[in-house]
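# Geometric and topological summary
Listed below are the residues making up each chain.
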Amino acid sequence: VQLQAFGGGLVQAGGSLRLSCAASGRTFSSYDMGWFRQAPGKEREFVAAISMSGGSTQYADSVKGRFTISRDNARNTVYLQMNSLKPEDTAVYYCAAVRGSYYYTKPKLTHEYDYWGQGTQVTVSS
């Protein structure tokens, strides 16, 4: 599966952005999806994930209550709605995919994902 993330940009603190990640192929609904981010000089970190059905989601503590992950399997797209943005949310955001299984394994680590998009820059000014 090929992934393309877009929707990043420059926003003031307290503002909102919605990231999208479009996937190629006809088996998108068979993949668990995740969003990660990487700030300059830091390691890539988990942000949010969603099961292939969309029925289960999980979030990093730093974004819980502010970010919402969702997916539209008919459109082969996963979204990350980001509200109440803070300067510390500034990073390149990446979407990732791994083939799902009967039991949602709640993948949060980079090595648990097999496919990655190219990243989209999010900059939050104070």
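Scroll up to find the structure this text is about.
Summary of the structure given here. (Residues numbered from 1 in each chain as written. Predicted model: local features only at pLDDT ≥ 70, side-chain atom pairs only at ≥ 80, totals over all residues. Heavy atoms only, no water.)

## Quick notes on the nonpolar core
Note the cut-off: To define a nonpolar core, start from buried Ala, Val, Leu, Ile, Met, Phe, Trp, Tyr and Cys residues and group those joined through side-chain atoms within 4.5 Å. When accessible area is computed with a 1.4 Å probe and restricted to protein chains, residues below 20% of their type maximum are described as buried, those above 50% as exposed, and intermediate ones as partly exposed. Secondary structure elements follow DSSP: runs of H or I of four or more residues count as helices, runs of E of two or more count as strands, with numbering from the N terminus. Note on contacts: a residue pair qualifies if any of its non-hydrogen atoms lie within 4.5 Å across the two residues.
Grouped together as the largest cluster of nonpolar side chains are 37 residues, with contacts concentrated most on Met33, Trp35, Leu80, Met82 and Tyr93. Mapped by element, the contributors of at least two residues to this core are β1 (3-6), β3 (17-23), β4 (31-38), β5 (45-50), β7 (67-72), β8 (77-82), β9 (91-99) and β11 (120-125). Looking at this core, the element that brings in the most residues is β9, giving six residues. Those residues within four positions of Tyr93 in sequence are excluded, and the remaining contacts are Leu19, Trp35, Phe36, Arg37, Val47, Phe67, Leu80, Met82, Gly119, Thr120 and Val122.

## A look at the sheet that holds β1
As a reminder, the rule being used: The pairing criterion for strands is at least two bridges between them, as found by DSSP. Note on definitions: angles span 0 to 180 degrees between N-to-C directions of axes, and those axes are lines fitted to C-alpha atoms, for helices only across the stretch in contact.
Strand order across the open sheet formed by four strands is β1-β3-β8-β7, with antiparallel pairing between neighbours. Each end of this open sheet is capped by a strand with a single partner; those strands are β1 and β7. Across this sheet, the average inter-strand angle for adjacent strands is 15 degrees, counted without regard to direction. Bridging between β1 and β3 involves four bridges; their strand directions are antiparallel. Bridged to Ala5 within β3 is Cys21.

## Observations concerning the packing of aromatic side chains
We describe a pair of aromatic rings using the distance from one ring centre to the other and the angle between the two ring planes. Here is the rule: Between rings of Phe, Tyr and Trp, where Trp is taken as its six-membered ring, a pair exists when centres lie within 6.5 Å; planes separated by under 30 degrees are stacked, by over 60 edge-to-face, and by other angles tilted. Criterion for a charge above a ring: Arg CZ or Lys NZ at most 6 Å from the ring centre, at most 35 degrees from the ring normal.
Enumeration over the complete set of coordinates arrives at six aromatic pairs. Taking 6.0 Å as the distance between ring centres and 80 degrees as the angle between the ring planes, the aromatic pair formed by Tyr31 and Tyr115 counts as edge-to-face. Pair noted here: Tyr31 is in strand β4 and Tyr115 is in strand β10 (residues 115-116), with a separation of 84 residues, a long-range link. A relative accessible area of 32% places Tyr115 in the partly exposed class. Its guanidinium or amino end placed over the ring of Tyr94, Arg44 lies 3.7 Å from that ring's centre, counting from NZ or CZ. The positively charged end of Arg44 is found above the aromatic ring belonging to Trp116, 5.0 Å away from the centroid.

## Quick notes on the pattern of salt bridges
A side chain with one charge can pair with a side chain of the opposite charge if their charged atoms come near. Condition: The salt bridge criterion pairs a side-chain nitrogen of Lys or Arg with a carboxyl oxygen of Asp or Glu, the two atoms within 4 Å.
Taken as a whole and assessed by the stated rule, the structure comprises five salt bridges. For the salt bridge of Asp89 with Arg66, the shortest nitrogen-to-oxygen distance reads 2.7 Å. With Asp89 in the loop between β8 and β9 and Arg66 in the loop between β6 (57-59) and β7, the pair connects residues that are 23 residues apart, well separated along the chain.

Any functional reading would require information beyond the geometric quantities listed.
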